[in-house]
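Spelled out from the first residue to the last, the chains are:
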Amino acid sequence: MMATTHALAGVAVASLVALGAPEQVDVALAAAFVGGLFPDLDLYAGHRKTLHFPVYYWPFALAAGALAIVSTGPATVALACFLLAAALHSTMDVFGGGLELRPWLATSERAVYDHFAGRWRRPRRWVRYDGAPEDALLGALLAVPPLLVAGAPLRWLIGATVCLSVGYALVRRRVPAVTEHLVGFVPATMTEYVPERFVEG
Ligand SMILES: [Zn+2]
């Protein structure tokens, strides 16, 4: 799934804060947006392993959620929403595609690394690959609840994120050729730093 879909999933869940603590909703949405993106910062360093914890984020997210309920404030709500969105992201990656350069070919058996079990989890491909049409559609649907409760700046951010998702989905299948072209310019001494999936044939 696209990083933007994960961000939108995070804000979709965080929009529930509007029911219990409407004054914290923008803090919740902003923190969930960042938390939903956060695991994918490992894109160039052990992608879907270094910052993806499909098991270990959850206890911290639930503890932070409990703290935010008993002591509601911007800091506790932000922490809970950040962790919840990161946990959700790591778990959701199982339902997407694998790690290959052309994930629509479905050749990879690696969806996300499970540190608890000490092995890679297999991709379920409910969303076939990141940037698939159903990925963009899912993001657009997830954007509806937060758009109803967000303040103006966040509404813009969420709307722009949906547009970005749709735009990426439209060009997604051209990305590998562009990536391979760019990798061709990397000096030979540097190629060891290029992630393996970017140089496959
Ligand atoms: Zn991810």
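Check the entry above for the structure.
Residues numbered from 1 in each chain as written. Predicted model: local features only at pLDDT ≥ 70, side-chain atom pairs only at ≥ 80, totals over all residues. Heavy atoms only, no water.

Novice: Hey, could you run me through the layout of surface pockets in this one?
Specialist: Picture a little ball the size of a water molecule; that probe, rolled over the atoms, points out where space is still empty. Its boundaries defined by the atoms lining it, the largest pocket holds a volume of some 600 Å³. What lines the largest pocket is a set of 28 residues, and nearest its centre among them are L43, H47, D130, Y168 and R172. Among the elements of the structure, α1 (3-14), α8 (152-171) and α9 (175-183) are those that each provide at least two residues to the lining of the largest pocket. In terms of residues, the lining of the largest pocket owes the most to one element, α8, which gives three residues. In the lining of the largest pocket, the residues fall into 14 nonpolar, seven polar and seven charged. By volume, the second largest pocket amounts to about 410 Å³. Breaking the lining of the second largest pocket down by element, the ones donating at least two residues are α1, α2 (17-20), α4 (57-70) and α5 (74-92). Tallied by class, the residues present in the lining of the second largest pocket amount to 15 nonpolar, four polar and no charged. (1 Å grid on protein atoms, 1.4 Å probe; cavity = no way out; pocket = protein on both sides within 12 Å on 5 of 7 lines; lining within 4 Å. Points joined across faces, edges and corners; volume = space filled by probe spheres on them. Helix = DSSP H or I, 4+ residues; strand = E, 2+ residues; numbered from the N terminus. Nonpolar A, V, L, I, M, F, W, Y, C, P; charged D, E, K, R; others polar.)

Novice: I keep staring at the coordination of the zinc ion and nothing clicks. Help me out?
Specialist: Four donors placed tetrahedrally around a metal ideally meet at 109.5 degrees, and six donors placed octahedrally ideally meet at 90 or 180 degrees. All of the protein donors around the zinc ion are D40 (OD), H52 (NE2), H89 (NE2) and D93 (OD); their distances to the metal are 2.1 to 2.4 Å. Spacing between the donor residues of the zinc ion along their common chain follows D-x11-H-x36-H-x3-D. With H52 in the loop between α3 (25-37) and α4 and H89 in helix α5, the pair connects residues that are 37 residues apart, well separated along the chain. Judged by its relative accessible area of 0%, H52 falls in the buried class. (Donors = N, O, S within 2.8 Å, 3.2 Å for Na, K, Ca; no water. Buried < 20%, exposed > 50% of the residue type's maximum accessible area, 1.4 Å probe, protein only.)

Novice: What's the story with the nonpolar core in this structure? I'm lost.
Specialist: Nonpolar side chains in soluble globular proteins tend to end up buried together. Ranked by size, the top nonpolar core spans 28 residues in total, and within it L8, V11, A14, A28, L29, A32 and C81 carry the most contacts. Looking at this core, the elements with two or more residues in it are α1, α3, α4, α5 and α8. Residue contacts for L29: discarding those within four places in its chain leaves V11, A14, S15, P146, V149, A150 and L154. (Core = buried A, V, L, I, M, F, W, Y, C linked by side-chain atoms within 4.5 Å. Contact = heavy atoms within 4.5 Å.)

Novice: Mind showing me how you'd approach the pattern of salt bridges here?
Specialist: Pairing between side chains becomes possible if they bear opposite charge and their charged atoms approach one another. Taken as a whole and judged by the stated rule, the model has six salt bridges. A salt bridge links D114 to R121; the shortest N-O distance between them is 3.1 Å. With a shortest N-O distance of 3.1 Å, D130 and R172 are connected by a salt bridge. Of this pair, D130 sits in the loop between β2 (119-121) and α6 (133-142) while R172 sits in the loop between α8 and α9, and the two are 42 residues apart along the sequence. Considered together, D130 and R172 belong to a single accessibility category, that of buried residues. (Salt bridge = Lys/Arg side-chain N within 4 Å of Asp/Glu carboxyl O.)

Novice: I'm lost on the packing of α4 against α5 in this one. Help?
Specialist: Between two packed helices, both the angle of their axes relative to each other and the distance between the axes serve to describe the pair. Put simply, α4 and α5 touch, their axes get as near as 8 Å, and they point 150° apart. Considering the angle they form, α4 stands roughly antiparallel to α5. In the crossing of α4 with α5, the sense of the turn from one axis to the other is left-handed. Listed contacts from α5 to Y57, W58, F60, A61, A64, G65, L67 and A68 of α4 are T76, V77, L79, A80, L83, L84, A86, A87, L88, S90 and T91. A breakdown of the residues in the contact of α4 with α5 according to their chemical character gives 15 nonpolar, four polar and no charged. (Axes fitted to C-alpha atoms, helices over the stretch in contact; angles between N-to-C directions. Parallel < 35°, antiparallel > 145°, perpendicular 65-115°, else oblique. Left-handed = near helix turned anticlockwise from the far one by under 90°.)

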